[in-house]
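Each chain is listed here by its residues.
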Amino acid sequence: MALPASTWTRSLGMGRWSLPGQSPLVRARQPRAYATLAAARAVAGTKRMKSFDDLPGPSLAESLYRMFIKGYVLHTHELQLIEKKLYGPIWKTTIGQYKSVNIASPEILETVLRQEGKYPMRCDMALWKAHRDQRQLAYGPLTEEGHRWHSLRTTLNKRMLKPKEVVCYSGVINEVVSDLITRIQGLREESTSGVNVDDVAQLLYRFAFERRKLINSKMEKIQDRLDSGKEVQGEYLTYLLSSGALTRDEVCGSMGELLQAGVDTTSNTLTWTLYELAKNPEIQNSLYQEVASVVKGDQMATVEDLNQMPLLKAVIKETLRMYPVVSSNGRVVVEKEMVIGDYCFPQNTQFTLCHYALSRDETNFPEPDRFLPKRWLRGEGMKHHPFSSIPFGYGVRACLGRRIAELEMHLALSRIIQLFKVVPDPSLGDVKSLARVVLVSDKPINLQFIDRER
């Protein structure tokens with residue numbers, strides 16, 4: 001079913017999807033005003049508000065055919081691109097009792113996220129909750145809902161999202177980075193070529209997981225001191241355990257969810273980053289020149305050093321654009337109905353945010369399949385809608401561990417590029433992505449780490 005031209009139109013001369021009856025310059029920038037206007041139209045009876053049933057989208061047979069016959073069950077991120085071309089920037093999916101509104105336009109995405117209210121839900125977390133219940137684990141910021149989630153998130157936010165509070169973790173992270181470098185050197189020595197590291201994703205997963213083990217160990221030590229009545233000094237874990245705002249079980253539940261999410265973000269993003277840098281030696285050389293100009297000798301980068309490395313940060317941003325950790329995620333607005341253009345959706349409607357299709361749209365990102373970190377450089381970059389690539393989310397449900405994950409990736413990448421030239425294993429070939437829970441490679445990524453001349 002093709003999208004009716006009267007429903008969604010292309011903004012002339014700008015190539016962006018816009019809401020009907022809306023100026024291309026305004027688009028969805030004022031969702032509250034637009035919602036008020038739409039409601040007024042409905043009350044006045046001048047125009048009937050459309051519903052979920054009026055959306056274009058595939059039939060059940062078409063969905064099953066594409067998923068299981070055409071083989072998109074592990075390529076649902078690519079299916080986003082296909083269905084966006086077929087149905088436009090917003091379409092429905094209906095499979096049995098499961099119904100979802102798919103969003104693949106930054107303007108519409110902004111409208112949705114700015115209306116999500118105080119207690120938005122990610123999606124149905126029944127399986128996650130069952131897993132935690134079975135193991136008698138407390139819910140964390142991912143699985144908790146409603147007022148309890150808001151209270152939990154408010155407590156966790158106080159230090160996790162402040163850049164100046166995250167700075168104190170750089171020393172600990174650099175310790176783990178040093179262990180990573182030692183492991184890379186050991187794996188090279190074990191290879192027949194003397195430079196190969198096979199399955200880089202597994203190596204980096206263990207690196208990211210080391211942080212989790214380190215924090216678990218620290219948590220036990222802090223709790224022991226608190227139980228014995230001794231004074232404790234420290235940073236985030238000390239604050240959580242000693243403040244009394246959360247129980248120890250709640251701290252454990254929250255840290256477990258945060259760290260697991262961080263492991264996936266760090267390991268997957270660094271794997272794809274090294275793969276793209278290995279395929280693009282000119283970009284890698286420019287990054288090396290930047291790192292070498294800031295970090296002298298054999299020193300490790302500090303937070304202050306990272307502030308002088310715009311290309312390093314641009315490389316990570318471009319990797320997250322091309323390979324978002326999750327290609328889509330869900331949002332359920334539970335407090336009120338949602339108005340999007342001529343459509344009105346009731347409470348508890350499931351929305352699927354199609355991040356892969358959003359960040360591969362050529363309107364915002366010309367040559368979307370090319371690795372071009374310069375898109376993100378101030379003065380050289382290309383303008384794009386702020387909601388066209390939001391790998392860490394937006395609003396009250398945005399990624400809580402974003403600051404630490406970014407710091408970890410920046411410190412690790414700067415050190416790797418400082419010490420090694422990274423090239424593909426000669427037998428590697430092209431690597432494709434698969435959409436499992438996160439976006440992973442379809443085969444092990446084997447790379448060569450060649451010592452730099454210093």
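Residues numbered from 1 in each chain as written. Predicted model: local features only at pLDDT ≥ 70, side-chain atom pairs only at ≥ 80, totals over all residues. Heavy atoms only, no water.

So, the pattern of salt bridges
Note on pairing: side chains with opposite charge can pair once their charged atoms come close.
No. 1: Evaluated as defined, the whole model comprises 14 salt bridges.
No. 2: Residue Arg66 pairs with Glu83 through a salt bridge whose shortest N-O separation is 3.0 Å. On the criterion of sequence distance, the pair formed by Arg66 in helix α2 (residues 60–69) and Glu83 in helix α3 (residues 76–87) is long-range, its members being 17 residues apart. Exposure class is identical for Arg66 and Glu83. Each is buried.
No. 3: Between Lys84 and Asp361 there is a salt bridge; the shortest N-O distance is 2.8 Å. One end of the pair, Lys84, is in helix α3; the other, Asp361, is in the loop between α15 (355–359) and α16 (402–419), and 277 residues separate them in sequence. Each member of the pair, Lys84 as well as Asp361, is classed as buried.
No. 4: The structure contains a network of salt bridges with shared partners spanning Glu318, Arg321 and Arg375. (Salt bridge = Lys/Arg side-chain N within 4 Å of Asp/Glu carboxyl O. Helix = DSSP H or I, 4+ residues; strand = E, 2+ residues; numbered from the N terminus. Buried < 20%, exposed > 50% of the residue type's maximum accessible area, 1.4 Å probe, protein only.)

With respect to a nonpolar patch on the surface
No. 1: On the surface, Leu60, Leu64, Tyr65, Phe68, Ile69, Val73, Leu74, Ile95 and Tyr98 cluster together into a nonpolar patch covering about 830 Å² of accessible area.
No. 2: No other element matches α2, which puts five residues into the nonpolar patch.
No. 3: Checked against the element boundaries, Ile69 lands in helix α2. (Patch = residues over 30% accessible without salt bridge, like charges linked within 9 Å, V, L, I, M, F, W, Y side chains within 5 Å. Areas by Shrake-Rupley, 256 points an atom, 1.4 Å probe, with all protein chains shown as cover.)

Regarding the pairing of strand β4 (residues 98–103)
No. 1: Note that strand β3 (residues 90–95) and β4 share six bridges and pair antiparallel. The residue bridging Thr94 from the neighbouring strand is Lys99, located in β4.
No. 2: Judged from the three bridges that link them, β4 and strand β9 (residues 350–354) form a sheet pairing that is parallel. Bridging across to β9, Val101 finds its partner in Phe351. (Pairing = 2+ DSSP bridges.)

Concerning α2
No. 1: When α2 is considered as a whole, its buried residues turn out to be Ser63, Arg66 and Met67. Buried residues of α2, viewed axially, fall in a sector of 90°; they line one side. Of the residues in α2, the exposed ones pointing more than 90 degrees away from the buried face are Ala61, Phe68 and Ile69.
No. 2: Its buried side turned inward, α2 meets α3 and β3.
No. 3: Positive phi shows up at Gly71, right after α2, with a value of about 85°. (Arc of directions from axis to C-beta. Contact = heavy atoms within 4.5 Å.)

Notes on the sheet that holds β3
Each strand in a sheet pairs with its neighbour through backbone hydrogen bonds, running either in the same direction (parallel) or in the opposite one (antiparallel).
No. 1: What the four strands build is an open sheet, ordered β3-β4-β9-β6; its pairing is mixed. The sheet is open, and its two edges are formed by β3 and β6 (328–332), each paired on a single side. Recorded for the sheet is a direction-independent mean angle of 30° between the axes of neighbouring strands. (Axes fitted to C-alpha atoms, helices over the stretch in contact; angles between N-to-C directions.)

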